Amino acid sequence: MPIAEPIPGTKPGVRILFESPPGVELNLGSLENQRSGIELLAVTESERDGRKVQMAAVFVPYGAVKTFLSRLDKYMSEKSRSGEARHRDMVDRIAAIRRATIRALWTDDPEDFPEPGRGTWWEVWLRRHLGGEAERLVAFAASQPGMLVASRRLVFDDRTVTLIFATPEQLTSSLDVLDSIAELRRPNASLGAFADLDPHEQAVAAKELVDRTSGPPDEPDGPAVCVLDTGINRLHPLLDRALAEDDTHACDSSWGKADHDGHGTEMGGLALYGDLGPVLASAAPVTLRHRLESVKILPPPGKPENRPELYGAITAEASSLVEIQAPDRRRCFSSAVTDGTCRHRGRPTSWSAAIDSLAAGRSFDADTRGLVYLNDAEQTAHRLFLLSAGDLQVKESSRDHLADSDTTAVHDPAQAWNALTVGACTELIGVADPGGLGDGWHGLAPGGELSPYSTTSLTFQDAWPLKPDVVFEGGNLACSPSGKQVAPGVPSLSVLTTNWQPAKRLFVESWATSAAVAQVARIGGLILADYPDFWPETIRALIVHSARWTPAMRAQFDPASKTDRRRLLRRYGYGVPDATRALWSASNTATLVVQDTIRPFAEGKMGEMTLHRLPWPTDVLRSLGELPVTLRVTLSYFVEPNPARCGWKKRHDYASHGLRFAVIRPTEKEDTFRKRVNRVALDDDEKKPKGGTASDVWFLGSRTREKGSLHSDTWSGTAAELAARNAIAVFPVSGWWKEQPKRDRSKFGARYALVVSIETDKVDVDVWTPIANLVGIPVNEVEVG
C-alpha cells in the first residue's frame with residue numbers, strides 16, 4: 001500500500017496495535033523504546049468471554065520497525081542464560097499484532113465512536129516530540145474539505161490537546177501523514193470548549209448539530225415549553241425549527257417580540273436541548289419532542305419598568321397570549337424572572353398568589369383585568385409553572401456559600417404553592433484554561449452540593465411551603481487559591497446554551513437558578529410529549545418523584561434528626577430530578593400513577609376520602625422475605641389561594657383545601673385504617689399536634705412533609721412487610737372552602753396526582769413485570785429501562 005506524502009516536519013512511521021490474550025495484561029513498558037522513538041500512544045480494554053483483554057497502540061518510526069522485528073526474531077531463535085526465550089515477557093503476553101486504526105486510538109466508550117461519513121468534534125491528543133504538532137495538524141486540516149481545528153489548545157508535558165471537526169475517514173487518512181496523533185476522545189463538555197471556539201468554529205459545531213437533529217413533530221397542538229422572559233431570538237439556527245413566529249409574543253406590543261437582552265434566548269436553548277455542552281460533544285442523533293413558545297414580560301431599555309406589584313397581572317396576560325394563539329396546546333410555563341427580594345419569608349404576595357390562581361384554573365379576563373373561572377366545570381385550564389428560586393448576590397465574602405444560601409430566602413414569586421420551584425446545585429468543580437484568573441482557582445462548592453448562586457427557604461416561617469422543590473445544575477463560583485476572591489460565569493463552571501446574537505457568537509455560558517429552571521422545564525416538556533394525557537399536577541409529581549439527594553447533600557445532615565431532615569428539604573428540596581427516571585420504570589423499580597378527583601367538603605363539613613388499592617405482587621414480595629425495599633409516595637394538587645393577610649386561619653386560610661396521604665399498616669384492617677385516617681383529618685382540622693408510631697416511620701414524617709400542596713416521602717422496610725401495605729388513602733384536611741360554603745368549589749372536584757413506586761437496590765430483582773401483569777399492561781409492548 002503506497003504511503004501518502006507526509007506533512008513537512010513529521011517523522012513518518014506506523015501505528016501498531018498489540019492485543020493481549022483474555023485475562024492477561026500486556027507488558028506495556030516493553031512496548032516502548034524512547035531511544036528509537038517508539039512510543040506508547042493509548043491503552044484500552046475490552047471484555048471477551050468474561051475476561052479482560054488489553055490493547056495498546058504504539059507509534060513506531062519506519063526506521064525503528066527493525067527493532068520490533070529483531071525482538072521477535074530473538075524470541076524465536078535465542079535463549080537467555082536461564083534457558084527461556086529472549087523477550088518472553090513481552091511476546092508471550094501478545095495474542096495479536098496488527099496495524100492500528102483510529103478505533104485503536106479511541107479511548108472512550110466504543111459505543112460512542114462517531115458514525116462513518118458524519119463530521120463531528122473530536123478531542124485530539126497529540127504527541128509532543130519535535131514541536132509544532134498543532135501547526136502540522138492545522139496544515140493537514142486546511143487540505144481537507146470541511147475539516148477544522150479549534151484555535152484553543154491545552155498543553156501538557158508530553159501531550160497537546162485540541163478539538164478538531166472531521167469525519168472518521170478524514171482522521172483515518174491523517175494517520176498516514178501525521179505522526180503526532182496519539183489518542184482520540186469525545187470532547188469533555190464540562191471544559192467550556194465550545195464556548196471558547198471562535199465564531200466560525202461555533203458555526204461549524206452548530207451546523208453539525210442541526211444536521212443530526214430531527215423534530216419537533218409538526219403538530220399545531222404539540223407540547224411546548226413557554227418561556228416568560230426577555231423574548232427569544234427565533235432566528236438562531238438551533239431554535240428556529242422549534243419556535244414559530246406566531247408563537248412569539250410580548251405583553252406590550254411597543255416592546256417588540258425579539259430578545260433585547262439575551263437572557264430569554266439562553267433560557268430557550270436550555271429548555272429545548274438542556275446543557276448544550278454534552279449535546280455538541282456527542283455524535284448521537286437528537287430528536288426534539290416539544291416546541292418552544294416565548295412571551296416577553298420584561299421591557300427593553302428606554303421603556304418604563306414594570307412595577308413589582310403588576311407582575312402578577314403581567315404573568316396572567318402572558319399566559320393568556322399563548323392560550324389564545326394555541327388554545328389546545330399542552331404546555332408548561334418556565335420563568336426565571338423574580339423580584340430579587342426576600343422580604344416575604346414565605347408569605348404570599350400578589351404575584352405568587354396570581355401564579356397559584358392561574359395554576360388552579362383561573363384565567364385572565366381582559367375586560368376586568370381580573371383572574372376568573374371562564375367555565376366553572378372546566379378542569380383543563382390548570383397550568384404548570386416552573387419558577388427559578390432566585391439568585392444569591394455574589395459577594396467577595398461568599399466563601400461560606402451554604403451559610404449565605406441558608407440566610408437568603410427564595411425570591412418572590414417562587415414561594416407560590418402550586419408552582420414547581422427550582423434551585424441550583426452543581427457537579428462542576430474544575431477550572432479549565434483559567435485565562436485571566438491565574439492558576440490554582442477551583443470551584444467554590446464541592447461536587448454534588450448546592451450551587452453558591454442558590455437561595456433556600458430556611459428563613460421561612462414554618463407554616464409556609466418547602467422551597468425549592470428540586471435543584472438542578474446551575475454552575476459554580478470560581479474561588480481563588482487564597483479563598484479570598486470568587487468569580488462568577490467561568491465557562492467550565494457554567495452550562496452552555498444559545499446566544500441571542502448568533503451572528504457574533506452562537507453559544508454562550510449560562511448559570512444560576514435561571515439555567516436550572518430552564519433545564520427542568522425541558523424535563524416537563526419531555527413528559528408532556530410522552531404522556532399527553534397527564535395533568536400539570538402529574539407532571540409536577542413525576543419530576544419531584546424522580547429527584548434524589550446526592551451523597552454530598554445527605555452528608556450535611558444527621559439522618560437521625562427530624563429537624564435536620566426538615567432543613568435538608570428547605571435547602572435542597574427533594575433533590576436532583578432525573579428525566580429517565582421520570583419517564584420510565586426500570587425492572588427493579590415499579591411506578592404507578594393515579595389521576596383522580598376528590599370532593600373535600602360538603603356544606604361546611606369534611607367530605608370524602610378516596611382509597612386506592614395497590615396492585616402489589618404479594619406472592620413475589622413475600623418470597624423476597626427480608627430483601628430491603630423502598631416505598632416512595634408523591635401527592636401533588638393545586639389549591640385556590642386566599643392571599644389577604646387576615647391571619648391565615650379558618651375562613652382566612654390561604655389554601656382552599658389540603659390533601660394528605662396515608663398507607664395502611666401491615667397488621668391493620670381496612671375499617672381500622674379508615675377510622676385512623678378520619679381521626680387524622682379531624683386532628684388536622686382542629687390543629688392538634690401530629691404524632692407517629694415506631695411501626696409507621698417514614699423518612700420525613702407527616703409533620704415535615706405536609707407543607708404546601710406537594711408532599712413526597714419514603715418508607716423503607718422489607719419486601720415481606722411491604723406485601724401487606726396494599727392500600728393508600730387520599731383524604732382532605734381543612735381549608736377556606738370548608739369555612740366559606742358559598743365559595744366552596746368542592747362540587748366540581750379537586751384534582752390530584754398520586755405517584756407510588758417500589759424500589760430495590762438489587763438489579764436482578766424484577767418487581768415491575770409482576771405488577772404490569774396484575775394491572776394488564778402488555779409487558780412486551782412497554783419499554784423498560
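In the block above lies the structure referred to throughout.
Since we're looking at a predicted model, the values are computed, not measured. (Residues numbered from 1 in each chain as written. Predicted model: local features only at pLDDT ≥ 70, side-chain atom pairs only at ≥ 80, totals over all residues. Heavy atoms only, no water.)

Structural notes on the sheet that holds strand E33 (residues 727-733)
Note the threshold: At least two bridges found by DSSP between two strands is the condition for calling them paired. A run of H or I in DSSP counts as a helix once it spans at least four residues, and a run of E counts as a strand once it spans at least two, with each numbered from the N terminus. To get an axis, a line is fitted to the C-alpha atoms, and for a helix only the part in contact is used. The angle between two axes follows their N-to-C directions and goes from 0 to 180 degrees.
Strand order in this open sheet of three strands is E29-E33-E31, and the pairing throughout is antiparallel. At either margin of the open sheet sits one strand with a lone partner, and together these are strand E29 (610-613) and strand E31 (658-663). Recorded for the sheet is a direction-independent mean angle of 20° between the axes of neighbouring strands. Pairing of E29 with E33 involves four bridges; the strand directions are antiparallel. For Arg613, the partnering residue across the bridge sits in E33 and is Ala727.

What to know about a negative patch on the surface
Stated precisely, the cut-off is as follows: Surface patches are defined over residues having more than 30% relative accessible area and no salt bridge, joining like charges when they lie within 9 Å and nonpolar side chains (Val, Leu, Ile, Met, Phe, Trp, Tyr) when within 5 Å. Reported accessibility uses the Shrake-Rupley method at a 1.4 Å probe radius. Residues are deemed covered only where the shown protein chains occlude them. For salt bridges, the criterion is a side-chain nitrogen of Lys or Arg within 4 Å of an Asp or Glu carboxyl oxygen. Here Asp and Glu are counted as negative and Lys and Arg as positive; His is not counted, and neither are the chain ends. For charged residues, the charge sits on one atom: NZ in Lys, CZ in Arg, CG in Asp, CD in Glu.
On the surface, a cluster of negative charge is made up of Asp218, Glu219, Asp221 and Asp328. Its place among the elements puts Glu219 in the loop between strand E9 (213-214) and strand E10 (224-229).

Concerning the packing of aromatic side chains
Using the following cut-off: Note on ring pairs: Phe, Tyr and Trp rings are taken, using the six-membered ring of Trp, and paired if centres are within 6.5 Å. Classes follow the plane angle, with under 30 degrees stacked, over 60 edge-to-face and the rest tilted. Burial here depends on accessible area, computed with a 1.4 Å probe over protein chains only, as a share of the maximum for the residue type. Under 20% is buried, over 50% is exposed, and the range in between is partly exposed.
In this structure the tally under the stated criterion is 13 aromatic pairs. When the centroid spacing of 4.7 Å and the interplanar angle of 20° are considered together, the rings of Tyr311 and Trp351 count as stacked. Of this pair, Tyr311 sits in helix H9 (residues 311-325) while Trp351 sits in helix H10 (residues 350-359), and the two are 40 residues apart along the sequence. Ring plane angle 80° and centroid distance 6.5 Å describe the contact between Trp736 and Trp737, whose orientation is recorded as edge-to-face. The pair Trp736 / Trp737 is uniform in exposure class, with both members buried.

Focus on the packing of helix H12 (residues 512-530) against helix H13 (residues 536-545)
Where we set the bar: In these notes the angle categories are as follows: under 35 degrees is roughly parallel, over 145 is roughly antiparallel, 65 to 115 is roughly perpendicular, and the rest is oblique. Two helices crossing with the near one rotated counterclockwise from the far one by less than a right angle form a left-handed crossing, whereas a clockwise rotation gives a right-handed crossing. Only heavy atoms enter the contact rule, under which two residues are in contact if any of them lie within 4.5 Å.
Where H12 contacts H13, the two axes come as close as 10 Å, and the packing angle between them is 120°. Comparing their axes, H13 and H12 come out oblique. Both H12 and H13 take part in a crossing whose hand is right-handed. Contact residues: Val520, Ile523, Gly524, Ile527 and Leu528 in H12; Ile539, Leu542 and Ile543 in H13.

Regarding unusual backbone geometry
The step from Asp412 to Pro413 runs through a cis peptide bond, and the omega angle for that step is 10°. Of note, Pro413 is situated in the loop between helix H11 (401-406) and strand E18 (420-426). In this model, Lys467 is joined to Pro468 through a cis peptide bond whose omega is 0°. Although it is not a glycine, Ala512 sits at a positive phi angle of roughly 75°. Examined against the element boundaries, Ala512 turns out to sit in helix H12. Ala512 sits in the buried class, given a relative accessible area of 3%. Backbone geometry at Glu603 places phi at a positive 55°, although glycine is not the residue there.

Examining H12
Inclusion rule: By definition here, a helix of n residues has an expected span of 1.5 Å times n minus one.
The end-to-end C-alpha distance of H12, which contains 19 residues, comes to 28 Å, matching closely the 27 Å that a straight helix rising 1.5 Å per residue would cover. For H12, a buried count of 16 out of 19 residues is recorded, marking the element as mostly surrounded by other parts of the structure.

A look at the nonpolar core
Keep this limit in mind: By convention a nonpolar core is built from buried Ala, Val, Leu, Ile, Met, Phe, Trp, Tyr and Cys residues, the set being connected through side-chain atoms within 4.5 Å.
Formed by 80 residues in total, the largest nonpolar core has its most connected members in Trp121, Phe194, Tyr273, Leu276, Phe507 and Ile527. Once you skip the residues sitting within four places of it in the chain, Tyr273 turns out to touch Leu209, Thr213, Leu238, Arg241, Val279, Val286, Leu288 and Arg522. The next biggest cluster of nonpolar side chains, apart from the first, holds 37 residues, and it includes Leu621, Val663, Trp698 and Ala719.

Treat this as a map of the structure, not an account of what it does.
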